[in-house]
Amino acid sequence: MSATVSFEVSTPHGPRDVTVSYARVGRGEPLVLLHGIGHHRQAWDPVADILATEREVIAVDLPGFGASPGLPDGLSYDLPTTNSVLGALFEALELERPHVAGNSLGGLLALELGREKLVRSVTALSPAGFWSEAERRYAFTVLLAMRGIAQRLPLPLVEQLSRTAAGRTALTSTIYARPARRSPQAVVAETLALVGATGFEATLRAGTTVRFTDDLSLPVTVAWGTRDRILVRRQGVRAKQLIPHARLVRLPGCGHCPMNDDPALVARVILDGSR
């Protein structure tokens, strides 16, 4: 069931109200799901029902993405601010150190929450922040191109393309290794989410100097699709070198957003990593 929650976050100019949209389903230990840049919480739909058999699943639209409004004046889209926002969100939803899983940007945010000891375990699927400078520039170029194309496509054309496997491949093959598996409705919705992501450019700007360089003292799983076309899988090896005790998992045949490519495998990785 989808809902919204509003809460206060401190800024140098006084408290500001932040509103976040989320969906909550299932029973068990709480598990928060964080999507990537330009995406929305529905990216997790292929795995949410599987996870909900063993966890209370809270899928979040990050501020400035999906149905969540952008951050108010006085708050930036950098990592410390986003950490504070997510920590305040956990308090508002009465989540005490939940498990967290994230994809891409969401994977980096999950690791940051782990570094701040705000969560009890982290599962990061193709997380940002383990790139070389050349790899970061490449990824940002691809992401900006994806958004630019989506902004130029008329909605009727997006709807027409989404009705065929070839059209869904044209629209989403950058993030999915098996784009034909995505439903037409989901492809239209995530194209609109990419167009309407008010936090997109500010998040990219904040990410230009980001590197994740810390070890973590809690359970960590890092998983990487073998067909990731945005963040190449050798970045997973770097993550393992920086977080030696982390479990590094290979996701055969999966792209940058593996939840759609192999829901059963991804759900199992998340459940195993959040015990």
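Structural notes, computed from the coordinates. It should be emphasised that the depicted structure is a prediction, and the values quoted were computed from it without experimental measurement.

**Observations concerning the overall build of the protein**
And then number 1: Each helix and strand in the protein was counted, giving eleven helices and eight strands.
And then number 2: Taking 2.2 N^0.38 as the reference for a compact globule, 275 residues should give roughly 19 Å; the C-alpha atoms of the protein span a radius of gyration of 17 Å, in line with that estimate.
And then number 3: Dimensions of the protein, computed from the C-alpha atoms along their principal axes, are close to 45 × 40 × 40 Å.
And then number 4: Burial analysis of the protein (275 residues in total) assigns 55% to the buried set.

**So, helix α6 (residues 165-172)**
And then number 1: All of the buried residues along α6 are G167, R168 and T172. Take α6 and look down its axis: the buried residues cluster within an arc of 110 degrees, on one side only. Facing away from the buried side of α6 by more than 90 degrees, the exposed set consists of A166 and A170.
And then number 2: Contacts from the buried residues of α6 go to α5 (155-162) and α7 (184-195).

**Let's talk about the packing of α5 against α7**
And then number 1: Their axes nearest at 8 Å, the elements α5 and α7 cross at an angle of 145 degrees. Crossing angle aside, the handedness with which α5 passes α7 is right-handed. From α5, L155, V158, E159 and S162 reach across to α7, where they touch P184, V187, V188, T191 and L192.
And then number 2: When grouped by side-chain class, the residues that make up the contact of α5 with α7 number six nonpolar, two polar and one charged.

**A word on the layout of surface pockets**
And then number 1: When its volume is computed, the largest pocket comes out at roughly 410 Å³.
And then number 2: What lines the largest pocket is a set of 26 residues, and nearest its centre among them are M146, L171, T172, I175 and L194.
And then number 3: If you tally residues by element for the lining of the largest pocket, the top one is helix α4 (residues 133-152), at seven residues.
And then number 4: Taken together, the residues that form the lining of the largest pocket break down as 15 nonpolar, nine polar and two charged.
And then number 5: Forming the walls of the second largest pocket are 25 residues, and the residues nearest its centre are I37, L105, L108, T203 and G207.
And then number 6: Those elements giving two or more residues to the lining of the second largest pocket turn out to be α2 (79-92), α3 (105-115), α4 and α8 (200-206).

**Concerning the packing of α5 against α6**
How two helices pack is summed up by the angle between their axes together with the distance between the axes.
And then number 1: Between α5 and α6, the least distance of the axes is 6 Å, while the angle of their chain directions is 125 degrees. Classified by the angle their axes make, α5 and α6 are oblique. Across the interface between the two elements, V158, L161 and S162 from α5 touch G167, R168 and L171 from α6.
And then number 2: In terms of residue class, the contact of α5 with α6 is made up of three nonpolar, two polar and one charged.

**A word on the side chain of N260**
And then number 1: Position of N260 relative to the elements: it lies in helix α10 (residues 258-261).
And then number 2: Among the residues examined, N260 registers a relative accessible area of 7% and is labelled buried.

**Things to note about the pairing of strand β3 (residues 29-34)**
And then number 1: Taken across its six residues, β3 has five buried, putting it largely inside the fold.
And then number 2: Across six bridges, the pairing between β3 and strand β4 (residues 55-60) is parallel. Bridge pairing in β4 links L34 to V60.
And then number 3: The parallel pair β3 and β4, bridged by helix α1 (residues 45-51), forms a crossover whose chirality is right-handed.
And then number 4: In terms of strand pairing, β3 meets strand β5 (residues 99-103) through four bridges, oriented parallel. Within β5, the residue paired with V32 across the bridge is V100.

**Examining the sheet that holds strand β2 (residues 16-25)**
And then number 1: A sheet is described by the order of its strands in space; here eight strands give the open sequence β1-β2-β4-β3-β5-β6-β7-β8, paired in mixed fashion. Bordering the open sheet on either side are β1 (2-9) and β8 (247-251), each of which pairs with just one other strand. Taking each pair of neighbouring strands and ignoring which way they run, the sheet shows an average axis angle of 25 degrees.
And then number 2: In terms of strand pairing, β5 meets strand β6 (residues 121-125) through five bridges, oriented parallel. Considered in β6, the bridge of H99 is made with S121.
And then number 3: Along the sheet face, α2 touches β1, β2, β3 and β4 and points at about 115 degrees away from the line of β1.
And then number 4: Across the sheet, helix α11 (residues 263-273) lies against β3, β4, β5, β6, β7 (220-225) and β8, angled at about 170 degrees from β8, the strand it touches most.

**Re the pattern of salt bridges**
And then number 1: The tally for this structure, following the rule as stated, stands at 17 salt bridges.
And then number 2: The closest approach of N and O atoms between R238 and E135, which form a salt bridge, is 2.6 Å. Placement of the pair is R238 in helix α9 (residues 234-242) and E135 in helix α4, with a sequence separation of 103 residues.
And then number 3: Here the residues in one salt-bridge network are E54, R268, D272 and R275, joined through shared partners.

The rules behind each value
- Residues numbered from 1 in each chain as written.
- Predicted model: local features only at pLDDT ≥ 70, side-chain atom pairs only at ≥ 80, totals over all residues.
- Heavy atoms only, no water.
- Helix = DSSP H or I, 4+ residues; strand = E, 2+ residues; numbered from the N terminus.
- Rg over C-alpha atoms; globule rule 2.2 N^0.38 Å.
- Buried < 20%, exposed > 50% of the residue type's maximum accessible area, 1.4 Å probe, protein only.
- Arc of directions from axis to C-beta.
- Contact = heavy atoms within 4.5 Å.
- Axes fitted to C-alpha atoms, helices over the stretch in contact; angles between N-to-C directions.
- Left-handed = near helix turned anticlockwise from the far one by under 90°.
- Nonpolar A, V, L, I, M, F, W, Y, C, P; charged D, E, K, R; others polar.
- 1 Å grid on protein atoms, 1.4 Å probe; cavity = no way out; pocket = protein on both sides within 12 Å on 5 of 7 lines; lining within 4 Å.
- Points joined across faces, edges and corners; volume = space filled by probe spheres on them.
- Parallel < 35°, antiparallel > 145°, perpendicular 65-115°, else oblique.
- Pairing = 2+ DSSP bridges.
- Right-handed = clockwise from strand over helix to strand, strands pointing away.
- Salt bridge = Lys/Arg side-chain N within 4 Å of Asp/Glu carboxyl O.

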